[in-house]
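Summary of structural features
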Amino acid sequence: MKELSVNHLLGIKYINKHDIDLIFETADHFKEVINRPIKKVPSLRDITIANIFFENSTRTKLSFELAQKRLSADVISFSAAQSSVKKGETLIDTVNNILAMKVDMVVMRHSDAGAAHFLSKNVSASIINAGDGAHEHPTQALLDSYSIREKLGDVAGKKVVIVGDILHSRVALSNIFALQMQGAEVRVCGPKTLIPKYIESLGVKVESNLRKALEWCDIANMLRVQNERLDFSYFPNTREYSQQFGLTKEILDSLDKEIVVMHPGPINRGVEITSDVADSQQSVILDQVENGVAVRMAVTYLLASKIK
Ligand code: NCD
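Now for a quick tour of the structure.

Conventions used here
Residues numbered from 1 in each chain as written. Predicted model: local features only at pLDDT ≥ 70, side-chain atom pairs only at ≥ 80, totals over all residues. Heavy atoms only, no water. Salt bridge = Lys/Arg side-chain N within 4 Å of Asp/Glu carboxyl O. Helix = DSSP H or I, 4+ residues; strand = E, 2+ residues; numbered from the N terminus. Buried < 20%, exposed > 50% of the residue type's maximum accessible area, 1.4 Å probe, protein only. Arc of directions from axis to C-beta. Contact = heavy atoms within 4.5 Å.

Okay, the pattern of salt bridges next. Taken as a whole and assessed by the stated rule, the structure comprises 13 salt bridges. The shortest N-O distance in the salt bridge between D21 and K17 comes to 3.0 Å. Of this pair, D21 and K17 both sit in helix α1 (residues 17–33), separated by four residues, roughly a single helical turn. Residue class for D21 comes out partly exposed when judged on its relative accessible area of 30%. Since its relative accessible area comes to 35%, K17 is described here as partly exposed. Each of K31, E150 and E290 takes part in salt bridges that share partners, so that together they form one network.

Moving on, we come to helix α4 (residues 115–122). For an α-helix, the turn length of 3.6 residues means that residues three or four places apart are oriented alike. Listed as buried for α4 are A115, A116, L119 and S120. Buried residues in α4, looked at end-on, bunch into an arc of 135°, giving them a common side. As for α4, its buried residues are in contact with α3 (91–99), β3 (105–110) and β4 (126–132).

Now the structure itself:
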């Protein structure tokens, strides 16, 4: 049986193209399962998973929980706001207490880059990184690539522009690694202040003009400005940001080809993307959400099969 090269999913940086292919093949099967009248399989009846979220999340948390439940795993979830972390408990103590309850896998979101990696070195469970600070968000990048593959047949050879707050985005970094690994070309576009200096060393060109970036690409992935991570003002104001970097129907319709529009959510309608673009037939935003469950089922299933 084919298996993943890793025991944890900490980032795209730590996996390879074979892993991605295996995850997608497995996700194809689970996508068929979740479109059946009975959307559940008994695969992980003997596995217990803890979802620990030290940062806010809607889509990712629900998507993981749904994926786990559709695989029949036992699931416990907690948010840091309601936990003893607020009483001064350390990350390792919190997780060791959870593991003492015989948990096999931990899905964690944390505001510190490297938190998932640290955890994997210190506890015995299999760890899935659901976003660590501005570092990586591997399952988001996997579901993004899976959605491109579904819409355009293949990721190889495609041109993808990631627009917006690249500096604070774990989605951007994981996407860059995943897309390049599969043979796509990646550029970024956004205010100079929100483009990290190291980006070109990753083989990613910077385009400061949105129209030019859109004329070049097959796919535009529009990111939210991570207001909660901005420590000072990176651009004059939201109006100016959306005038320069917001995707409108007008620009989209003026291009001489139909590009695919993506967004990881949550969307700030009227800032990085207008409502008519988000709801247009060029947008695959809700397909991304649907595919998120199938891809997370695949990742969970494949990692769980390495525990047994
Ligand atoms: C992203 C995240 O949390 O990094 N959202 C998500 O997981 N769907 C992006 C964002 O918050 O803008």
